[in-house]
Amino acid sequence: MTDSPQQMFDDAAAILSSALDGDSDAVAGTFDAVVDRAGLAGAYDVAWCLAATMIGDPVPPGACALDFPGIEQAGYDARWVARFVSAYANADLDTARALFGAAVADGLLPECLLTLAGSTVATLRHRAA
């Protein structure tokens, strides 16, 4: 069972606050608590919320590419974040779920979620500048 939408937003806010403070242990701890409480579906919902925060509201018109020049040279987590956020921007739930499942199967979901949190914070800082 997944959490309520308010709990999801609270968890995402806690993750962003910890990421803004540079506390990767707290970010990982919050994701762990979400998984303990609401399973991988809860972690997916929080990740989706972070992608929404990164993209902003409204979603820019047009399609976002899932692949970018040189993306294959990036680390797994960076490629995953680029593709997951692109899937969000394109409202492509099937691709987002497949990416999430692949990260779980590859044992790299924690790294991907940590990179997603850091990328979201970097985007927020860039917008504020």
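Chemist: Whenever I open this one, the overall build of the protein chain confuses me. Can you help?
Modeler: Regarding its fold elements, the protein chain presents five helices and zero strands. Listed N to C, the secondary structure of the protein chain is α-α-α-α-α in terms of helices and strands. Taken over C-alpha atoms, the radius of gyration comes to 14 Å for the protein chain, in line with the 14 Å a tight globule of 129 residues would show. Taken over the C-alpha atoms alone, the protein chain extends approximately 35 × 35 × 25 Å along its principal axes. The buried share of the protein chain, taken over its 129 residues, is 36%. Expressed as a percentage of contacts within the protein chain between residues at least 6 apart in sequence, the contacts between residues at least 24 apart total 70%. Total accessible area on the protein chain is roughly 6700 Å²; 59% of this is exposed by carbon and sulfur atoms. Of the charged side chains in the protein chain, 6 are positive and 17 negative; the average position of the first set lies 6 Å away from that of the second.

Chemist: Got a minute to help me understand the nonpolar core in this structure?
Modeler: The nonpolar side chains of soluble globular proteins are, as a tendency, buried together. In this structure, W80, F84, F100 and L116 are the most contacted members of the largest nonpolar core, which totals 35 residues. Sorting the residues of this core by element identifies α1 (5-20), α2 (24-55), α3 (76-89), α4 (93-105) and α5 (109-128) as the ones contributing at least two each. The leading source of residues in this core is α2, at 13 residues. Among residues more than four places away in sequence, those in contact with F84 are Y44, A47, W48, A51, A96, L99, F100 and L116.

Chemist: How do you make sense of unusual backbone geometry when you look at a structure like this?
Modeler: What is expected of a backbone is that most residues other than glycine have negative phi and most peptide bonds are trans. Although it is not a glycine, A91 adopts a positive phi angle of roughly 55°. Considering the arrangement of structural elements, one finds A91 in the loop between α3 and α4. Judged by its relative accessible area of 58%, A91 falls in the exposed class.

Chemist: So what exactly am I meant to see when it comes to the packing of aromatic side chains here?
Modeler: Aromatic rings in a pair are described by how distant their centres are and how their planes are angled relative to each other. Counted by the stated rule, this structure contains seven aromatic pairs. With 5.8 Å between their ring centres and 15° between their planes, Y44 and W48 make a pair best called stacked. Within this pair, Y44 and its partner W48 are both found in helix α2, separated by four residues, close to a single helical turn. A relative accessible area of 10% means that Y44 is categorised as buried. Look at W48 and you get buried, because its relative accessible area is 18%. Centroid distance W80 to F84: 4.7 Å. Interplanar angle 10°. Geometry classified as stacked. Here the residue W80 and the residue F84 both occupy positions in helix α3, the gap between them amounting to four residues, near one helical turn. For F84, a relative accessible area of 0% puts it in the buried group. Among the aromatic side chains, those forming a connected cluster through ring pairs are Y44, W48, W80, F84, Y88 and F100.

What counts, and at which threshold
Residues numbered from 1 in each chain as written. Predicted model: local features only at pLDDT ≥ 70, side-chain atom pairs only at ≥ 80, totals over all residues. Heavy atoms only, no water. Helix = DSSP H or I, 4+ residues; strand = E, 2+ residues; numbered from the N terminus. Rg over C-alpha atoms; globule rule 2.2 N^0.38 Å. Buried < 20%, exposed > 50% of the residue type's maximum accessible area, 1.4 Å probe, protein only. Contact = heavy atoms within 4.5 Å. Areas by Shrake-Rupley, 256 points an atom, 1.4 Å probe, with all protein chains shown as cover. Lys, Arg positive; Asp, Glu negative; His and termini not counted. Charge placed at Lys NZ, Arg CZ, Asp CG, Glu CD. Core = buried A, V, L, I, M, F, W, Y, C linked by side-chain atoms within 4.5 Å. Phe/Tyr/Trp six-rings, centres within 6.5 Å; stacked < 30°, edge-to-face > 60°.

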